[in-house]
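Geometric and topological summary
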Amino acid sequence: MKKRTFFLLSAICCLLTVALNVQAQPILKTHVETGDIEGVIDGPLAVYKAIPYAAPPVGNLRWTAPQPAQPWEGVRVCNEFGPMPPQPTRPGRTADMMSEDCLYLGIATPATSVNDRLPVMVWIHGGGFQTEWYGGDLWKYLAMRGVVIVSVEYRTGALGFMAHPELSKENKEGHSGNYGILDQICALQWVQRNIANFGGDASNVTIFGESAGAISCSILCASPLAKGLFHRCISQSGGSFAPWSDKPRSLGMDASQKGAESQGLAFQKHLKKKNLKQLRQMDPMSLCDGNVGFAGFWPCVDGYVITDDQYRLYERGEYNDVPVIVMTNSDEGALFAPGNMTAENYQKTVGSIFGSWADEALKYYPGSTDDEAWHGFGDAFRDMGFAWPSYAWVSLQAKTGKSAAYAAFLAQPSTMSFSQDKRRRGVAHADDIMYLNGHFLNQADKYPAEAAVSEIIQQYWVNFAKTGNPNAKGLPYWPTFDDSKPTTMQFSNGASLIMRPNREQIDFVDRYYKAKREETESQRK
């Protein structure tokens, strides 16, 4: 009898264990508005690699706002990532990996029930609005900390950001360009309608991105079209606060739709085409590959997606006021400084960029020797392209916003970097990605300090996504930004608070942009 009872209890325990294991499986099959889908298991996560959130932007849908995705019958198995948007080819990025049919998103979820209501983090990739891909990473190390990750693709290059008078004429609102940003907004709308079926909470969405993805996040924070679609934002190396003019975009000066349209016409002339119809008939790679010989497409101030100079919008409090973390890296420019930079070329470059401000610029970014010129170029690029926009963002929101603004500075010494130049002396542009994707956590024995910083950053990021506040027990306290106090969280051999870094250089860039802003505004009047 005792033996029979023992076997019966053992059997019940086994059944309970099996039931619990089954119950603990992440959501592998679910339904979205266009049909049933099935993902794949990746450890404790269910991963859906390619869900169409909009119709393929091909044919007459090229250079239009994204249209609804079409429904399908049966179960769509999402076990392979969608193609990259057409972009310059290079090793590991060949034309057969690209397609104009690119509007997909990927999801990684640890949720075991649609009722879990986990925080959602929506990733927008970088690449200068010209390159890269949503399938590069689904940030599973973040997902395993209890959030649903969504990574979205958007149109890049000429296909994503070309404005043109004919396009403006055929659009009922009279706008063109910014199709890539409209894709991002469309994806965020899709998340609102569908993410609950992956165990996500549509009322707790954090957008985050790096480089052009961070600039996109900044644009979304000020676009009336994105209002209510997200509730927090994390920016890594990017912000959109430069002044604008009616000329094509240049370094430090954004373009109005009029300026972007003139760029579109110049592109049409470069391609020897007569009109928009002929441009729509071209192969997409003929518009976007590196050998086209024409680049630089970028979001423009169209009065619709981007309504004005974002600096002025923030001064007036006209933005989507959500909590933000804004981070830059200590040596962003090391990835961009030309390896063969000479003191002579540097002097000419500074003159062409800063004009009458060149002499003052050289005080803050000196370059009397070739080595000094390389660092001067990199530091100026860091501050104009990344550090100053980030400072403008947190400082303006601290003054005019109701939501918290946190500033961060990644300065962890490491031999690992995307910049291979031995002159690098800090964290280069894009190196921050390695602190989020497990690169250092997987090699903690080889990179113990980097792994420790990676752990800290990931905890802060996920805490912020969950509550809008990065702080939690066991982490150094991180106050909101106050330019008069040490409130910038520096990640270097741990985490500690410092005053705003590179203050003198940033203040110079601030004065420069203020003058350029006033100059262009005076011209418009």
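See above for the structure.
Rules used in this analysis
Residues numbered from 1 in each chain as written. Predicted model: local features only at pLDDT ≥ 70, side-chain atom pairs only at ≥ 80, totals over all residues. Heavy atoms only, no water. Pairing = 2+ DSSP bridges. Helix = DSSP H or I, 4+ residues; strand = E, 2+ residues; numbered from the N terminus. Axes fitted to C-alpha atoms, helices over the stretch in contact; angles between N-to-C directions. Parallel < 35°, antiparallel > 145°, perpendicular 65-115°, else oblique. Contact = heavy atoms within 4.5 Å. Nonpolar A, V, L, I, M, F, W, Y, C, P; charged D, E, K, R; others polar. 1 Å grid on protein atoms, 1.4 Å probe; cavity = no way out; pocket = protein on both sides within 12 Å on 5 of 7 lines; lining within 4 Å. Points joined across faces, edges and corners; volume = space filled by probe spheres on them. Phe/Tyr/Trp six-rings, centres within 6.5 Å; stacked < 30°, edge-to-face > 60°. Buried < 20%, exposed > 50% of the residue type's maximum accessible area, 1.4 Å probe, protein only. Expected span 1.5 Å × (residues − 1).

Take the sheet that holds strand β2 (residues 35-38) next. Across the sheet, 3 strands lie side by side as β1-β2-β5; this open sheet has mixed pairing. In this open sheet, the two strands that pair with only one neighbour each are β1 (29-32) and β5 (75-77). The sheet shows a mean angle of 35 degrees between the axes of neighbouring strands, direction not considered. The pairing of β1 with β2 spans 4 bridges and is classified as antiparallel. The partner of Val32 across the bridge, within β2, is Gly35.

As a packed pair, helix α5 (residues 179-194) and helix α6 (residues 212-222) sit with axes 11 Å apart at the nearest point and diverge in direction by 70 degrees. Here α5 is positioned roughly perpendicular relative to α6, judged by the angle of their axes. For the pair α5 and α6, contact is made by Ile181, Gln184, Ile185 and Leu188 and by Ser216, Ile219 and Leu220, respectively. Class assignment for the residues of the contact of α5 with α6 results in 5 nonpolar, 2 polar and no charged.

Our focus in this paragraph is empty space enclosed by the protein. Counted according to the given criterion, the structure contains 5 cavities of 30 Å³ or more. Around the largest cavity, the lining comprises 18 residues; the ones closest to its centre are Thr328, Ala387, Tyr391, Arg500 and Pro501. Counting residues per element, the ones that place at least two in the lining of the largest cavity are β13 (324-329), α13 (370-400) and β14 (405-410). For the lining of the largest cavity, the element with the most residues is α13, which contributes 5 residues. Reported here for the second largest cavity is a volume of approximately 90 Å³. What lines the second largest cavity is a set of 13 residues, and nearest its centre among them are Ser240, Asp254, Val301, Ile306 and Asp308. Partitioned by chemical class, the residues of the lining of the second largest cavity number 8 nonpolar, 2 polar and 3 charged.

The subject of this paragraph is the packing of aromatic side chains. Applying the stated criterion across every chain yields a total of 37 aromatic pairs. Between Tyr311 and Trp388 the ring centres are 6.1 Å apart and the planes differ by 10 degrees, which places this aromatic pair in the stacked class. Note that Tyr311 is positioned in helix α10 (residues 310-315) and Trp388 in helix α13, a separation of 77 residues in sequence. Considered together, Tyr311 and Trp388 belong to a single accessibility category, that of buried residues.

Let us look at α6. A large share of α6 lies buried, amounting to 11 of its 11 residues. Of the positions making up α6, those classed as buried are Ala212, Gly213, Ala214, Ile215, Ser216, Cys217, Ser218, Ile219, Leu220, Cys221 and Ala222. Elements that come into contact with the buried residues of α6 comprise β7 (118-124), α5, β9 (200-210), β10 (232-236), α10 and α13.

Locating Leu142 in the fold gives a position in helix α2 (residues 140-143). The sequence separation of Leu142 and Tyr512 amounts to 370 residues, and the corresponding C-alpha distance is 39 Å. Once you skip the residues sitting within four places of it in the chain, Leu142 turns out to touch Met121, Val147, Ile149, Phe208, Leu436, Gln458 and Val462.

Our next topic: the environment of Asn60. Assignment of secondary structure puts Asn60 in the loop between β4 (45-52) and β5. Residue Asn60 is classed as exposed on the basis of its relative accessible area of 66%. In this structure, the C-alpha to C-alpha distance between Asn60 and Ala404, residues 344 residues apart in sequence, is 43 Å.

Here 11 strands make up an open sheet; going across it, the order is β3-β4-β6-β8-β7-β9-β10-β13-β14-β15-β16 and the pairing mixed. Both outer strands of the open sheet, β3 (40-42) and β16 (495-498), are each paired with one neighbouring strand and no more. The average undirected angle you get between the axes of adjacent strands in this sheet is 25 degrees. By the bridge criterion, 4 bridges tie β10 to β13 in an arrangement that is parallel. Across the sheet, residue Ile234 finds its bridge partner in β13, namely Ile325. Packed on one face of the sheet, α13 meets β10, β13 and β14 and runs near 155 degrees to β13.

Attention now goes to helix α7 (residues 257-270). In an α-helix there are 3.6 residues to a turn, and that puts residues three or four apart on one side. With 14 residues, α7 extends 20 Å between its outermost C-alpha atoms, agreeing within 8% with the 20 Å of an ideal straight helix rising 1.5 Å per residue. Along α7, the residues classified as buried are Gln257, Gly259, Ala260, Glu261, Gln263, Gly264, Phe267 and Gln268. The inward-facing, buried residues of α7 contact α3 (157-161), α4 (165-170), β12 (254-255), α8 (276-280) and α9 (285-288). One or two steps after α7, the chain reaches Lys272, where phi turns positive at roughly 60 degrees.

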